[in-house]
Amino acid sequence: VLSNSAAEPIRRLMVEFDQASRVRLCHGTTSPDCVSCMNSPRITHTSCILETRDRVFDVITTPLNGPAGDAVGKIIVARDVTDRLAFNERQSHHETLATVGRVAAVVAHELNNPLAAVSMYAQMMEDEVPEGSPWREQLAVIRRNTDTCKRSVKDLLDHARLPTANVEETSLHDIIHDAATFLKPLLHK
């Protein structure tokens, strides 16, 4: 066995396949026999994604033929793709968050119109209902709840927008209060 120091995790994996190692993909399937498949000179070409304890490798093998044309060994080329896979996962996560932000913005805009109408009609009815009427209290509840919904929609839109640099003095207390107000419904769940 000839290998460089970068191939040490793969060499070790081939010699002592343990439970902490995992085969992600071997010829399009998941197989615990992937390491023996890589080691066997009889099996010509293999392509595997192997995960050791902390690294992920893209492994390709090809037979090493002797003078008579018979397979006497294998040449194994492995690339450490751990960082690339982690980058791809982060990129996918960021794209998902961006999509959720766009959807939230559309939903928030769609909610604003009916909320404005409900608030406006409640306010108009409040102006026409006599002062001692029991309906006045229900109208106040409607307005208070629509105001809460409008404030939540505004906060959602503020969080969904791409920020622009705006350097100014601000109150940390106000920021914490806004965050607490925005997250308060989640606390109850």
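This one's a predicted model, so the numbers in the text were calculated from it and none came from an experiment. (Residues numbered from 1 in each chain as written. Predicted model: local features only at pLDDT ≥ 70, side-chain atom pairs only at ≥ 80, totals over all residues. Heavy atoms only, no water.)

> Please clarify how the environment of Val77 should be interpreted in this entry.
Looking at the element boundaries, Val77 is found in strand E4 (residues 71-80). Residues Val77 and Ile10 lie 67 residues apart in sequence; the distance between their C-alpha atoms is 9.8 Å. Apart from the residues within four sequence positions on either side, Val77 is in contact with Asp58, Val59 and Ile60. (Helix = DSSP H or I, 4+ residues; strand = E, 2+ residues; numbered from the N terminus. Contact = heavy atoms within 4.5 Å.)

> For this particular structure, what's the right way to read the pattern of salt bridges?
When charged atoms on two side chains of opposite charge get close, those side chains can pair. Counted by the stated rule, this structure contains 4 salt bridges. For Arg79, the salt bridge goes to Asp58, with nearest N and O atoms at 2.8 Å. You can see Arg79 sitting in strand E4 and its partner Asp58 sitting in strand E3 (residues 56-65), a full 21 residues away along the chain. Judged by its relative accessible area of 45%, Arg79 is partly exposed. Classification of Asp58 as buried rests on a relative accessible area of 12%. The partner of Arg143 in a salt bridge is Glu126, and the shortest N-O contact between them spans 3.2 Å. Of the two residues, Arg143 is situated in helix H4 (residues 134-160) and Glu126 in helix H3 (residues 82-128); the sequence distance between them amounts to 17 residues. A relative accessible area of 26% means that Arg143 is categorised as partly exposed. (Salt bridge = Lys/Arg side-chain N within 4 Å of Asp/Glu carboxyl O. Buried < 20%, exposed > 50% of the residue type's maximum accessible area, 1.4 Å probe, protein only.)

> How should the confidence of the model for the chain be read in this particular structure?
Note that predicted coordinates carrying low pLDDT should not be read in detail. Per-residue confidence for the chain averages 79 on the pLDDT scale, and 81% of its residues sit at or above 70. Looking across the chain, the model is least confident in strand E1 (residues 22-26), with a mean pLDDT of 58, and most confident in H3, with 87. (pLDDT = per-residue confidence, 0-100.)

> Teacher, can you tell me more about helix H5 (residues 172-188) here?
One turn of the α-helix equals 3.6 residues, which is why residues spaced by three or four share an orientation. In this model H5 runs 24 Å from its N-terminal to its C-terminal C-alpha over 17 residues, within 8% of the 24 Å that 1.5 Å per residue would give. Considering bend angle alone, the principal kink of H5 is centred on Phe182 and spans about 40 degrees; proline Pro185 follows within four residues of it. Backbone nitrogen of His173 and a side-chain oxygen of the N-cap are separated by 3.3 Å at the start of H5; the cap is Ser171. (Expected span 1.5 Å × (residues − 1). Bend = angle between axes of the 7 residues up to and from the residue. Polar contact = N/O pair within 3.5 Å; in protein donor to acceptor, adjacent residues only side chain to side chain.)

> Would you mind showing me how to read a nonpolar patch on the surface here?
A cluster of nonpolar side chains, namely Leu64, Val72, Ile75 and Val77, defines an oily patch on the protein surface of about 340 Å² accessible area. A total of 3 residues in the nonpolar patch trace back to one element, the largest contributor, which is E4. If you trace the backbone, Leu64 turns up in strand E3. (Patch = residues over 30% accessible without salt bridge, like charges linked within 9 Å, V, L, I, M, F, W, Y side chains within 5 Å. Areas by Shrake-Rupley, 256 points an atom, 1.4 Å probe, with all protein chains shown as cover.)

> Would you explain H3 in this entry?
With 47 residues, H3 should reach 69 Å at 1.5 Å per residue; the first-to-last C-alpha distance of 68 Å fits that figure. Burial in H3 covers these residues: Thr82, Gly101, Ala104, Ala108, Leu115, Ser119, Ala122 and Glu126.

> What is the right way to look at the nonpolar core in this model?
Grouped together as the largest cluster of nonpolar side chains are 5 residues: Ile10, Cys48, Leu50, Phe57 and Val59. Mapped by element, the contributors of at least two residues to this core are strand E2 (46-51) and E3. In contact with Ile10, not counting residues within four places along its chain, are Leu50, Phe57, Val59 and Ala78. (Core = buried A, V, L, I, M, F, W, Y, C linked by side-chain atoms within 4.5 Å.)

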